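The chain contents come next:
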Amino acid sequence: MALETLVSKYTTNPMFAKARLEQYLTFLCAGSSPSSLSEEEVEKNLRLMINDRLRPWRKRYRYLLMVDTALILCNEEVIKQANKGVEAYLSAKQFANLVKAMKMLFTTDQIDAEWSYLEPIIQQYRTNAVHAKLPELRILITANMSAGKSTLVNALIGKPITRTSQEACTANLNYLYSKSFEDGRAHTSKSILNLNASYDDINEAEAAGGQHVATYFTTMIQTQHRLCVIDTPGVNSAMNPEHTKLTRNALVHEKYDKLIYVLNASQLGTDEDMRHLRYVANNVPKEKTIFVLNKLDSFKAMEDSVVESIMRVRKDLQELGYHNPNICPISAYFSLLLKLRQQGENLTEDELDDYERFEKKFAKEEFHLSSYYSYSNSQDKRIDEVPFLQNSYRSGMLNFEKVLYGGVLK
Ligand SMILES: Nc1nc2c(ncn2[C@@H]2O[C@H](COP(=O)(O)OP(=O)(O)OP(=O)(O)O)[C@@H](O)[C@H]2O)c(=O)[nH]1
Ligand SMILES: [Mg+2]
């Protein structure tokens with residue numbers, strides 16, 4: 001209640017604050033709100049909460065309360081105002097101490113032993129503050145139907161956030177934002193902000209008209225950006241003219257730094273694909289576009305050739321005016337399975353079968369997909385030593401992340 005009183009009074013972002021308070025209610029009070037109290041009662045309880053003279057050990061609450069308030073307010077100036085707001089409840093010395101503790105939010109100094117119980121939440125605040133100041137990198141993904149866009153997005157994130165299926169699936173634009181650390185939660189914002197979204201909630205909201213989701217991205221590369229990945233509906237003008245219109249509109253009007261164009265390696269050069277490629281070539285600056293050659297796990301060693309497919313795509317793209325196209329071979333599906341396993345997620349029986357099959361298949365040199373990128377990995381000794389990195393090198397994801405994020409291994 002004290003938190004609710006303080007946050008509501010000082011927040012400059014009421015929608016976010018309300019959703020955060022609901023989260024706290026769920027955690028602290030099993031969802032029941034004390035809002036039926038009168039204003040006087042609230043004031044009395046607030047005073048008790050902040051300064052309970054009878055039980056001195058409770059003074060920790062005061063600090064915890066103010067750091068929680070800070071986490072919700074997320075703004076240095078506003079946090080300072082809220083601190084000032086509790087001055088009247090405290091002695092000069094108590095207030096000076098509180099100010100001293102709260103200053104730790106805004107520095108990188110080591111936290112004194114006396115405040116060690118505040119450390120985890122102060123670190124949360126600091127991590128969020130650093131993240132919020134990073135420049136944003138916006139990545140739009142486009143392709144024909146079922147090329148594997150959503151699977152690729154999930155593989156970048158490291159968990160199944162957007163819907164994937166063999167039938168036309170993504171029906172709206174989905175904005176996926178990276179959070180500063182893994183807290184095991186996905187947040188969605190449609191008309192209301194849901195900070196505890198389940199995968200079902202996400203899917204429902206997506207089906208109902210696209211949405212914004214915030215979640216932690218598990219990357220192998222140190223990114224120097226906040227990320228926003230935009231998943232779009234697959235283009236097929238005959239089957240889904242609405243989807244095509246929506247995606248073309250996004251290609252022209254959406255704000256993005258990089259475009260990923262996903263090609264299905266097992267179905268190259270279809271009329272539909274050539275039509276969409278031509279549209280992209282004519283409407284998107286060429287240097288923004290990265291081509292992904294996906295589903296290479298379906299190649300058979302004796303019948304198909306990764307090298308030949310890359311050469312064929314290069315030739316098609318050169319004819320469209322891309323002089324030196326950036327072509328990234330990958331298996332989005334294997335990459336996703338790898339990250340899931342790495343994080344200790346349980347794979348289904350089918351996924352486990354696929355995983356084991358891929359692990360064997362990608363051991364062959366032809367399937368070391370990262371070796372087709374123009375990056376040297378000779379500095380990264382760990383790739384040969386850590387099985388997850390070695391497999392991610394083979395699935396293509398490791399060097400694909402380098403292409404996208406431009407950093408070094410974590
Ligand atoms: N074998 C294999 N299958 C893949 C890969 N990537 C995606 N798929 C499968 O291809 C099908 C379509 O994948 P999605 O990720 O839904 O494709 P999409 O491009 O988002 O589809 P739309 O949104 O409908 O256009 C699903 O059954 C995926 O499991 C891959 O790398 N390898
Ligand atoms: Mg999709």
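The rules behind the values
- Residues numbered from 1 in each chain as written.
- Chains lettered and ligands numbered in written order.
- Predicted model: local features only at pLDDT ≥ 70, side-chain atom pairs only at ≥ 80, totals over all residues.
- Pairing = 2+ DSSP bridges.
- Helix = DSSP H or I, 4+ residues; strand = E, 2+ residues; numbered from the N terminus.
- Axes fitted to C-alpha atoms, helices over the stretch in contact; angles between N-to-C directions.
- Domains from an automatic or database assignment.
- Near = placed C-beta within 6 Å.
- Nonpolar A, V, L, I, M, F, W, Y, C, P; charged D, E, K, R; others polar.

Chemist: Provide a residue-level description of the sheet that holds strand β9 (residues 327–329), including the pertinent values.
Modeler: Hydrogen bonds between backbone atoms are what pair the strands of a sheet, whose relative direction is either parallel or antiparallel. Strands sit in the order β4-β3-β5-β2-β6-β1-β7-β8-β9 across an open sheet of nine strands; the sheet is mixed. Whereas interior strands pair on both sides, the edge strands pair on one side only; in this sheet they are β4 (193–197) and β9. Strand-to-strand, the axes of this sheet are offset by a mean angle of 25°, without reference to chain direction. In this sheet, β9 lies alongside strand β8 (residues 289–294) in parallel orientation, the contact comprising three bridges. Bridging from a neighbouring strand, phenylalanine 291 pairs with isoleucine 327 of β9.

Chemist: Mind laying out the pairing of strand β3 (residues 186–189), listing which residues take part and the relevant values?
Modeler: Bridge analysis of β3 against β4 gives three bridges, and the strand direction is antiparallel. The partner of serine 189 across the bridge, within β4, is leucine 193. One ladder, built from three bridges, connects β3 with strand β5 (residues 211–215); its direction is antiparallel. Opposite serine 189, over in β5, you have histidine 212 as the bridge partner.

Chemist: Break down the domain arrangement of the chain for me, with residues and values.
Modeler: Annotation of the chain at the domain level lists domain 1 (2–132) and domain 2 (136–405). Taking the mean C-alpha position of each, domain 1 and domain 2 sit 41 Å from one another. Going through the elements one at a time, α2 (14–29) and α7 (119–133) are the ones with two or more residues in the side of domain 1 that touches domain 2. A total of five residues in the side of domain 1 that touches domain 2 trace back to one element, the largest contributor, which is α2.

Chemist: Any details on the site of ligand 1? Residues and values, ideally.
Modeler: Neighbouring ligand 1 are 23 residues; Gly148, Ser150, Thr164, Thr170 and Gly234 lie closest to it. Among the secondary structure elements, those contributing two or more residues to the shell around ligand 1 are α8 (149–157) and α13 (332–342). Per-element tally for the shell around ligand 1: the top contributor is α8, with three residues. Taken together, the residues of the shell around ligand 1 break down into eight nonpolar, twelve polar and three charged.

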